[in-house]
Amino acid sequence: GQQQLNVCVVGAGYVGLTTGVCLAYLGHQVTCIDKDREKIDMLLAGRAPIYEPGLEDLLRLANARLKFTTSPEACRHADVIILAVGTPPTPNGNADLSFMEAAAAEVAAQLTGERFQVIVNKSTVPVGTAQRVNLIITTAIASRGGSANFAVASNPEFLREGVAIHDTLYPDRIVIGSASNEAINMLRVMYAPILEQTFAAPKVCPRPERFDLPALVTTDVTSAEMIKYAANAFLAMKISFINEIGGLCEKVGADVTEVARGIGLDKRIGPRFLQAGLGWGGSCFGKDTAALIRTAQEYGYDMPIVSATVSVNRRQRLRAIDKLQETLKVVRGRTIGLLGLAFKPDTDDLRDAPALDIIRVLLEMGARVKVYDPVALENFKIQYPNLAVEPCKNASELSQDCDAVIIVTEWEEFRHLPLAELAEKMTGAKVLIDGRNIIDRQDAEKAGLRYVGFGR
Ligand code: UDX
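This is a predicted model, so every value here is computed, not measured. (Residues numbered from 1 in each chain as written. Predicted model: local features only at pLDDT ≥ 70, side-chain atom pairs only at ≥ 80, totals over all residues.)

Draft legend 1. View of the pairing of strand β4 (residues 80–83). Because side chains alternate across β4, one face comprises the buried residues Val-80 and Ile-82, and the other comprises Ile-81 and Leu-83, equally buried. With four bridges joining them, strand β1 (residues 6–10) and β4 adopt parallel strand pairing. Paired with Val-7 across the two strands is Val-80, which belongs to β4. For β4 and strand β5 (residues 117–121), the ladder comprises four bridges, and the chain directions are parallel. Within the sheet, the bridge partner assigned to Val-80 lies in β5 and is Val-118. (Buried ≥ 20, exposed ≤ 12 C-beta atoms within 10 Å, placed from the backbone. Helix = DSSP H or I, 4+ residues; strand = E, 2+ residues; numbered from the N terminus. Pairing = 2+ DSSP bridges.)

Listed below in structure tokens is the structure:
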């Protein structure tokens, strides 16, 4: 049988909540702790405070083994305490570790020394943070004359928003970094159901048909911390790379989607994260590449590849504006529609979303801007009340009187746009800028649109 552990998750954000709910589903006793009373109340009522497909269903299924509270007291009896608090970026690119440090201090106050406990860093934190957490806790315990019986581990997550549950239950690998074998063994027990895939797959998130058991990577803490940054920088680099190639494809008359297919079949390269378009956004890639460059600076080390990854991505967003100027000539006074606001489909997350940059530039240029997103519109209205854009209820309402429509997010429904209807409602040059290369050029042209893709 499987061993049931007592787990506390500090921070009920994206990562913490998904991890906590999944671990409870897998059979552990889990307490999610968050300072935000409102968030905890929502969770107690069975509702997820974030939009993540399947999360509420899993919340229901795991209900008997899940607790939600604002008090850190439950950490007293935990085998494993997972720190999953926010590490927002500061203006200079550093991660703000104040939440992390506060959480470590709060947890330290609960550690009794009566049983061995593992403190897990799951937040994406700069290299060296696990050692810092270790120091904070050791010092706190020593200063009250208590006895220490804990170890710190770094256990980065690689989950993507929108498929967070899938990525948690069916990962490619699990990375555990710690100096303590006892800690590594405890986490091996915690993750046993995932490593051995012994759980009954939930209906809302079935096991992929072809799925190899996840690899377990055990290593030192610093390497584990580095793995997280290197993985995200590499993925961001793949996207920037294909976008750079796409720019040249436009010049020479090649199609980047064909090029991506052709190179992606080489197993050494792989087909994923080679979709050219407006580039990457979201809470991770921008923050993590900046943090990596920042850490390198502290050591007087140059990272030209990571730096180029960032600058290519910045340029890529503005390519949408270039394309408007090339086709409309004058942008001032034109009506431009944005299909999609979220940084990617299946989320209402607007962090570092390309749409925000595009909107700002268009408004500065004096365009009239209409926007539609199937999920993120409400979030957008709350967060950006000062952006003078016109929200629309659907793609067809949006297209009314538009000189150009830009597909910014590859929502599934945008793959099946009523192109003829759009063309009918649009005006002037009727330009469709396909920022995600999801529409067939011939289909668009047959419908009467002027099609402009990215890198094709
Ligand atoms: C990412 C990592 O994938 C995940 O492992 C890490 O833990 C957190 O950061 P996420 O930010 O949720 O996850 O989204 P992801 O699906 O990776 O997409 C990131 C961005 O890249 C999106 O804006 C997406 O539109 C863009 N993208 C992705 C491309 O432009 N082209 C691609 O081929 C793939």
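Draft legend 2. Representation of the sheet that holds strand β12 (residues 404–407) within the structure. Strand order in this open sheet of six strands is β11-β10-β9-β12-β13-β14, and the pairing throughout is parallel. Bordering the open sheet on either side are β11 (390–391) and β14 (450–452), each of which pairs with just one other strand. With three bridges connecting them, strand β13 (residues 431–434) and β14 associate as parallel partners. Bridging across to β14, Ile-433 finds its partner in Val-452.

Draft legend 3. Structural detail: the nonpolar core. If you look at the biggest cluster of nonpolar residues, it comprises 90 residues, and the most contacted ones within it are Val-10, Val-80, Ile-81 and Leu-83. Here Val-10 is in contact with Ile-33, Pro-72, Ile-81, Ile-82, Leu-83, Ala-84, Val-85, Ala-103 and Val-107, once residues within four sequence places are set aside. One finds Ile-321, Trp-411, Leu-419 and Ala-444 within the second-largest nonpolar core, a separate group that totals 47 residues. (Core = buried A, V, L, I, M, F, W, Y, C linked by C-beta atoms within 7 Å. Contact = placed C-beta atoms within 7 Å.)

Draft legend 4. The arrangement of helix α4 (residues 98–108) in detail. Burial in α4 covers these residues: Met-100, Ala-103, Ala-104, Val-107 and Ala-108. One face of α4 carries all of its buried residues, which in axial projection span an arc of 135°. Its buried side turned inward, α4 meets β1, β4, β5 and α5 (129–143). (Arc of directions from axis to C-beta.)

Draft legend 5. Quick look at unusual backbone geometry. Although it is not a glycine, Lys-430 sits at a positive phi angle of roughly 45°. Counting through the fold element by element, Lys-430 comes out in the loop between α16 (419–425) and β13. What makes Lys-430 buried here is the crowd of 22 C-beta atoms within 10 Å. At Asn-437, a position not held by glycine, the phi torsion is positive, near 50°. Inspection of the secondary structure assignment puts Asn-437 in the loop between β13 and α17 (441–446). Residue Asn-437 is classed as buried on the basis of its C-beta count, with 22 C-beta atoms lying within 10 Å.

Draft legend 6. Representation of the environment of His-166. With respect to the secondary-structure elements, His-166 resides in helix α6 (residues 164–169). Sequence spacing of His-166 and Thr-18 is 148 residues, and the spatial spacing of their C-alpha atoms is 10.0 Å.

Draft legend 7. Up close: the domain arrangement of the protein chain. Each assigned domain of the protein chain is listed here: domain 1 (6–219) and domain 2 (316–452). A C-alpha centroid distance of 38 Å is found between domain 1 and domain 2. Listed per partner, the contact involves four residues of domain 1 and seven residues of domain 2. Residue classes in the side of domain 1 that touches domain 2 are distributed as two nonpolar, one polar and one charged. (Domains from an automatic or database assignment. Nonpolar A, V, L, I, M, F, W, Y, C, P; charged D, E, K, R; others polar.)

Draft legend 8. A look at the sheet that holds β1. With respect to topology, eight strands assemble into an open sheet ordered β3-β2-β1-β4-β5-β6-β7-β8, the strand pairing being mixed. Every interior strand has two partners, whereas the edge strands, β3 (66–69) and β8 (215–219), have only one. Averaged over all pairs of adjacent strands, the angle between their axes in this sheet comes to 20°, without regard to strand direction. Of the strand pairs in this sheet, strand β7 (residues 173–178) and β8 are connected by five bridges, and their pairing is parallel. Its bridge partner being in β8, Val-175 is matched across the sheet by Val-217. Sheet strands in contact with α4 are β1, β4 and β5, and its direction is about 160° off that of β4. (Axes fitted to C-alpha atoms, helices over the stretch in contact; angles between N-to-C directions.)

Draft legend 9. Summary view of the confidence of the model for the protein chain. In this model, the protein chain carries a mean pLDDT of 96, and residues with pLDDT of at least 70 account for 100%. Note on the complex model: pTM 0.93, ipTM 0.95. (pLDDT = per-residue confidence, 0-100.)

Draft legend 10. View of the UniProt feature "binding site: substrate" (unreviewed entry) in the protein chain. Feature annotation in UniProt places "binding site: substrate" (unreviewed entry) on Phe-158, Leu-159, Arg-160, Glu-161, Lys-228, Phe-273, Leu-274, Gln-275, Ala-276, Gly-277, Gly-281 and Lys-344, given in this structure's numbering. Across 187 residues of sequence, these annotated residues are also dispersed in space, with a maximum C-alpha separation of 24.7 Å. Looking at the secondary structure, you find Phe-158 in the loop between β6 (150–154) and α6. Residue class for Phe-158 comes out partly exposed when judged on the 17 C-beta atoms lying within 10 Å of it. Excluding residues that lie within four positions of it along the chain, Phe-158 makes contacts with Asp-167, Pro-171 and Ala-231. The residue Gly-277 is located in the loop between α10 (256–264) and α11 (285–298) in this model. Given 27 C-beta atoms within a 10 Å radius, Gly-277 is considered buried. Ignoring sequence-local partners within four residues, the contact set of Gly-277 consists of Gly-435, Arg-436, Asn-437 and Phe-454. (UniProt positions renumbered as here; feature names shortened; annotations may be inferred.)

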